[in-house]
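A structural walkthrough
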Amino acid sequence: MQPDERIMRGPGERRVAEAAERIIAEGRPRLHRTWASLVATSLLGGIDVGVGIMALLFVRHETGSELLSGLAFSIGLIALLLGHSELFTEGFLVPVTTVIAGAATWLDLARLWATVLVMNLVGGWIFTWIVIQAFPELHHTAATTGAHFVNGGYSLSTFCLSVLGGGVITLMTRMHHGTDSMTGKITASIIAAFVLVGFGLWHSVLDSLLAFAGLHTGHTPYGYADWLPWLAWSVLGNITGGLLLTTALRLIRSAPVLNEEEPSAEDDS
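The structure reproduced in this document is the subject of the present report. (Residues numbered from 1 in each chain as written. Predicted model: local features only at pLDDT ≥ 70, side-chain atom pairs only at ≥ 80, totals over all residues. Heavy atoms only, no water.)

This part takes up a nonpolar patch on the surface. A contiguous nonpolar surface patch, about 620 Å² in accessible area, is contributed by V118, V122, W125, I126, W129, I130 and Y224. Looking at the nonpolar patch element by element, the count peaks at six residues for helix α6 (residues 106–134). (Patch = residues over 30% accessible without salt bridge, like charges linked within 9 Å, V, L, I, M, F, W, Y side chains within 5 Å. Areas by Shrake-Rupley, 256 points an atom, 1.4 Å probe, with all protein chains shown as cover. Salt bridge = Lys/Arg side-chain N within 4 Å of Asp/Glu carboxyl O. Helix = DSSP H or I, 4+ residues; strand = E, 2+ residues; numbered from the N terminus.)

Written out as structure tokens, the structure is:
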């Protein structure tokens, strides 16, 4: 046996291979869902994140702390994990890996991304409207927090904040698939929420829901016409971060497993 073959059969490489196989096994059904299932799952994703937004606003209203509100927002990411709903920026590692492995097409990926993003925003818009109507004391916090992002400007700094936001969520997805332990997966969700919100990173869906919450108060220095270009800027950065910082490197690391998957994917078709 050659030395490199012994390395490839080591425990570290086996864990990488097992994680890649889990990703592909999950990605196939995700990319081939019916329209009804995809829309429903994506709407639930927006609502789940909305629960985290509600917790974030309450903690920020009471404490003024971004770090504590980041921990509070972890409720939303844990709900996504345990509820098996779909968040737009979770659609980088698993679906792209599945397409590269030949188990789905790029058209399937485009359908997933577009539907999940739109339905996340619709579900979140509805849920944040309910929250703002139910808790008038959150109006000032919601309007101020939403304005922080929408009026943040279009610069290298804000683009990098979006790149980091996409990278952190995709890293969370990679950690989820690196372990079978539910405790480990929940810990990864808490860590991601703490970094994402506590450090003020930009996330297209999360921060859009904060912007919606502010808009529902009727007292914001921005409108939907200001939010739309901000969304495009944030989505571009999130995709760049999710694909380049995490997904591309994971694809290189898992290349032997993905190459093995291609024949079976063709057989399935």
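Having seen it, we continue.
Here the focus is the packing of helix α7 (residues 139–150) against helix α10 (residues 204–217). At a closest axis distance of 7 Å, the pairing of α7 and α10 adopts a crossing angle of 130 degrees. Classified by the interaxial angle, the pair formed by α7 and α10 is oblique. Crossing hand, α7 versus α10: left-handed. Of the residues in α10, those in contact with H139, A142, A143, T145, G146, F149 and V150 of α7 are D207, L210, A211, A213, G214 and T217. Residues belonging to the contact of α7 with α10 are distributed by class as follows: seven nonpolar, five polar and one charged. (Axes fitted to C-alpha atoms, helices over the stretch in contact; angles between N-to-C directions. Parallel < 35°, antiparallel > 145°, perpendicular 65-115°, else oblique. Left-handed = near helix turned anticlockwise from the far one by under 90°. Contact = heavy atoms within 4.5 Å. Nonpolar A, V, L, I, M, F, W, Y, C, P; charged D, E, K, R; others polar.)

Turning our attention to the nonpolar core. Of all hydrophobic cores here, the largest spans 52 residues; its most connected members are I53, L57, F73, L77, F88 and L206. Per element, the largest residue contribution to this core is nine residues, and it comes from α6. If sequence neighbours within four positions are ignored, F88 has contacts with W113, V116, L117, N120, S204, V205, V235 and I239. (Core = buried A, V, L, I, M, F, W, Y, C linked by side-chain atoms within 4.5 Å. Buried < 20%, exposed > 50% of the residue type's maximum accessible area, 1.4 Å probe, protein only.)

Let's shift gears to the pattern of salt bridges. Applying the stated rule across the entire model yields two salt bridges. Between R30 and E86 there is a salt bridge, with the nearest N and O atoms lying 2.2 Å from each other. With R30 in helix α2 (residues 11–31) and E86 in the loop between α4 (66–83) and α5 (93–100), this residue pair connects regions lying 56 residues apart in the sequence. Between R33 and E86 there is a salt bridge, with the nearest N and O atoms lying 2.6 Å from each other. In this pair, R33 sits in the loop between α2 and α3 (35–63) while E86 sits in the loop between α4 and α5, placing the two residues 53 residues apart along the sequence. Owing to a relative accessible area of 19%, R33 belongs among the buried residues under this scheme. Residue class for E86 comes out buried when judged on its relative accessible area of 2%. One continuous salt-bridge network, built from bridges that share partners, spans R30, R33 and E86.

Within the fold, D108 resides in helix α6. No salt bridge forms around the buried D108; measuring N to O, its nearest opposite-charge neighbour R111 is 5.4 Å away. Only 3.0 Å separates the side chain of D108 from the backbone nitrogen of T105, close enough to count as a polar contact. (Lys, Arg positive; Asp, Glu negative; His and termini not counted. Polar contact = N/O pair within 3.5 Å; in protein donor to acceptor, adjacent residues only side chain to side chain.)

Moving on, we come to the environment of V49. Examined against the element boundaries, V49 turns out to sit in helix α3. Once the C-alpha coordinates of V49 and A79 are considered, the two residues, 30 residues apart in sequence, prove to be 7.7 Å apart. Other than its neighbours up to four places away in sequence, V49 contacts F73, L80, L87, L206 and L209.

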